[in-house]
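So the chains spell out like this:
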Amino acid sequence: MISLLLEPFTYEYMQKAIWVSALVGGVCAFLSSYLILKGWSLMGDALSHSIVPGVALAYLLAVPYAIGAFFAGILAAFSMTLVKQKTKLREDTVIGLVFTTFFALGLLLVSINPTSVNIQAIILGNILAISNEDIYQVVIISAICLICLGMFWKDLLAVFFDEAHARSIGLPVQLLKIMFFTLLSAATVAALQTVGACLVIAMVVTPGATAYLLTDRFGKMIVMSVLLGSLTAAAGAYLSYFLNASTGGLIVTLQTALFLLAFLYAPKYGLLKARRSLHQKTEKA
Amino acid sequence: MLQPSPILLNLEKVGVTYPNGHTAIENISFTLQGGTICGLVGVNGAGKSTLFKSIMGFVKPTSGTVTIAGLEVKTALRRNLVSYVPQTEDVDWNFPVLVEDVVMMGRYGYMGFLRHPKAADRLAVQDALERVGMAAFRKRQIGELSGGQKKRVFVARALAQGGKIILLDEPFTGVDIKTEDSLILLFRTLAQEGCLILVSTHNLGSVPAFCDQVLLVNKTLLAAGPVETTFTEENLAKAFGGMLRHRKLAGSDLHDDKDHRAVTVLTDDESALVFYGHQGDKKIISPEGGGDGSP
């Protein structure tokens with residue numbers, strides 16, 4: 001029995017899949033704590049889809065995919081700002097417009113050059129087949145993200161909580177925001193291979209949302225979110241060995257399951273707690 | 001003899017034109033010293049918030065200069081000379097931060113690289129919370145507070161920051177009367193300690209109650225000076241144009257004797273309710289229509 005449970009660890013590709021997933025899951029979860037507070041979840045979705053043409057082009061030109069993805073992400077963010085500034089369209093319209101355009105462009109590129117890249121791998125992810133070069137990229141991106149976030153997490157909180165005050169204490173607000181979105185683009189690139197472009201959004205939303213229901217302190221929320229993100233990602237990769245199922249699908253399903261638990265049983269903000277206090281009130285009355 | 005307070009805030013012909021061509025303020029010059037509570041009064045859209053933003057370096061004046069204690073705005077901010085108390089609506093109260101976390105943010109400018117609080121920072125936070133009477137609430141999530149308590153937390157953050165200039169944006173909106181009184185008392189103490197308190201408001205009634213200087217703005221500076229001489233009916237009419245509800249109650253409206261003194265009621269959004277007369281024989285006078293009826 002135990003040998004069966006340990007079996008995935010005897011394969012190198014499974015070991016890699018598990019720890020790379022955990023790393024990416026943790027980084028995305030860190031970012032998710034900020035995203036969900038600002039209502040920017042859609043931004044994460046938009047970014048992850050917008051980088052597809054960049055990845056396709058990078059494969060075509062045989063440069064590291066992270067570079068292509070990164071420039072596509074920046075270009076998408078720039079286009080969104082431009083369209084928003086020059087028109088009266090609302091933000092969600094602009095986001096929807098730009099990211100579908102980029103995504104379509106990506107599909108088009110791949111269909112014209114069908115042999116150059118496996119688009120399946122971008123959209124759905126395939127962590128089990130990750131190459132060593134890709135692992136280096138993911139590790140570098142994750143390390144940079146974790147270092148920056150670790151150093152500036154309080155500054156970022158101050159900026160997102162009250163920008164005016166952040167300025168009044170002399171924080172470089174604009175620079176910090178740019179840093180955050182750069183890290184977000186980089187992290188979504190890293191997460192592409194684990195869960196694919198479609199499910200990246202879950203990685204940068206769900207762990208934060210779950211942790212938010214469990215605590216009133218931002219520091220604790222980050223720790224919980226990162227733990228949830230890493231553990232579910234590792235567990236998803238691990239379980240995919242036995243179930244022979246999509247890693248991305250499993251990771252996100254696990255994350256959602258934990259969210260539902262928090263939604264029902266969270267000590268302060270859970271549904272059952274709300275019910276109970278409502279009952280107590282009506283009984284007293 | 002008292003030493004003249006040092007000049008804390010100096011605006012020299014400041015103008016702001018936004019990239020879309022809209023000129024929010026132009027040619028505004030004034031000088032304010034420490035130890036003052038100054039009201040910044042004007043209609044909505046008169047450029048009050050633009051003026052605040054240019055003092056805090058959010059918008060760069062397209063003309064003129066702002067100096068704070070003789071320094072450029074950027075340098076002054078880095079030295080924590082300016083504290084800002086936002087409007088209650090400007091803050092997302094669902095953030096997972098506790099009262100003490102918010103006040104601690106006022107100390108970030110003093111902390112090192114990783115913003116790790118030292119004993120002095122904790123002391124400043126404790127002290128600030130005590131001064132606004134919120135020490136008992138330090139472990140509460142901010143969303144659980146009442147309007148007045150929320151405001152006091154943000155004033156505490158400004159105190160913890162220790163700015164010489166404190167900017168307050170509509171400090172009494174959504175605040176109970178008890179908090180308003182205690183805040184006014186606190187502002188007076190801070191002014192005595194040498195702070196300059198600049199309050200943006202369209203709550204006219206509160207201005208004579210606690211300001212000693214007033215700036216009347218409508219795109220440009222219409223009048224500036226001590227409240228007694230500047231906060232006059234004439235200047236307010238200039239500042240507000242036809243935007244104010246205005247009702248003059250002459251002596252003959254109010255009583256039958258020969259006293260010619262009149263009561264003037266000015267308000268902006270809400271209509272004022274004015275009682276006049278003795279207990280039991282009270283007249284309710286509607287400053288709107290002018291009709292007076294018995295209850």
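Just above sits the structure.
All figures in this text were calculated on a predicted structure; none of them were measured in a lab.

Rules behind the numbers
- Residues numbered from 1 in each chain as written.
- Chains lettered and ligands numbered in written order.
- Predicted model: local features only at pLDDT ≥ 70, side-chain atom pairs only at ≥ 80, totals over all residues.
- Heavy atoms only, no water.
- Helix = DSSP H or I, 4+ residues; strand = E, 2+ residues; numbered from the N terminus.
- Buried < 20%, exposed > 50% of the residue type's maximum accessible area, 1.4 Å probe, protein only.
- Contact = heavy atoms within 4.5 Å.
- Areas by Shrake-Rupley, 256 points an atom, 1.4 Å probe, with all protein chains shown as cover.
- 1 Å grid on protein atoms, 1.4 Å probe; cavity = no way out; pocket = protein on both sides within 12 Å on 5 of 7 lines; lining within 4 Å.
- Points joined across faces, edges and corners; volume = space filled by probe spheres on them.
- Nonpolar A, V, L, I, M, F, W, Y, C, P; charged D, E, K, R; others polar.
- Salt bridge = Lys/Arg side-chain N within 4 Å of Asp/Glu carboxyl O.
- Polar contact = N/O pair within 3.5 Å; in protein donor to acceptor, adjacent residues only side chain to side chain.
- Core = buried A, V, L, I, M, F, W, Y, C linked by side-chain atoms within 4.5 Å.

**Some details on the overall build of chain B**
Move 1: Along chain B, the regular secondary structure elements total 10 helices and 15 strands.
Move 2: Burial status across chain B gives 48% buried among its 295 residues.
Move 3: Once local pairs closer than 6 in sequence are excluded, the contacts in chain B between residues at least 24 apart make up 62%.
Move 4: On chain B, roughly 14,400 Å² of surface is accessible, and the fraction owed to carbon and sulfur atoms is 52%.

**Considerations on empty space enclosed by the protein**
Residues and elements named next belong to chain B.
Move 1: Under the criterion given, the structure shown has 2 cavities of 30 Å³ or more.
Move 2: Here the largest cavity defines a volume of roughly 40 Å³.
Move 3: Lining the largest cavity are P86, Q87, T88, V91, W93, K150, K151 and F154.
Move 4: Each residue belonging to the lining of the largest cavity can be placed in one class, and the counts come to 4 nonpolar, 2 polar and 2 charged.

**Side note on the interface of chain B and chain A**
Move 1: On the side of chain A, 28 residues touch chain B, which itself brings 32 residues to the contact.
Move 2: The interface formed by chain B and chain A holds 5 salt bridges in total.
Move 3: Here E100 of chain B ties to R217 of chain A by a salt bridge, and the two come within 3.6 Å at their closest N and O atoms.
Move 4: Counting across the interface, chain B meets chain A through 9 residue pairs in polar contact (both at pLDDT 80 or more).
Move 5: For the side of chain B that touches chain A, the secondary structure elements donating two or more residues are β6 (82-85), α3 (99-105) and α5 (147-161) of chain B.
Move 6: Take the side of chain B that touches chain A: its biggest share by element is 4 residues, from α3 of chain B.
Move 7: Here the residues of the side of chain B that touches chain A are counted per class, giving 19 nonpolar, 6 polar and 7 charged.

**A few points about the nonpolar core**
Move 1: Grouped together as the largest cluster of nonpolar side chains are 159 residues, with contacts concentrated most on L9, F187 and L198 of chain B.
Move 2: Once you skip the residues sitting within four places of it in the chain, L9 of chain B turns out to touch F30, T31, L32, I55, V66, T67, I68, I165, L196 and L198 of chain B.
Move 3: A22, A234, A237 and Y241 of chain A belong to the second-largest nonpolar core, a separate cluster that totals 7 residues.

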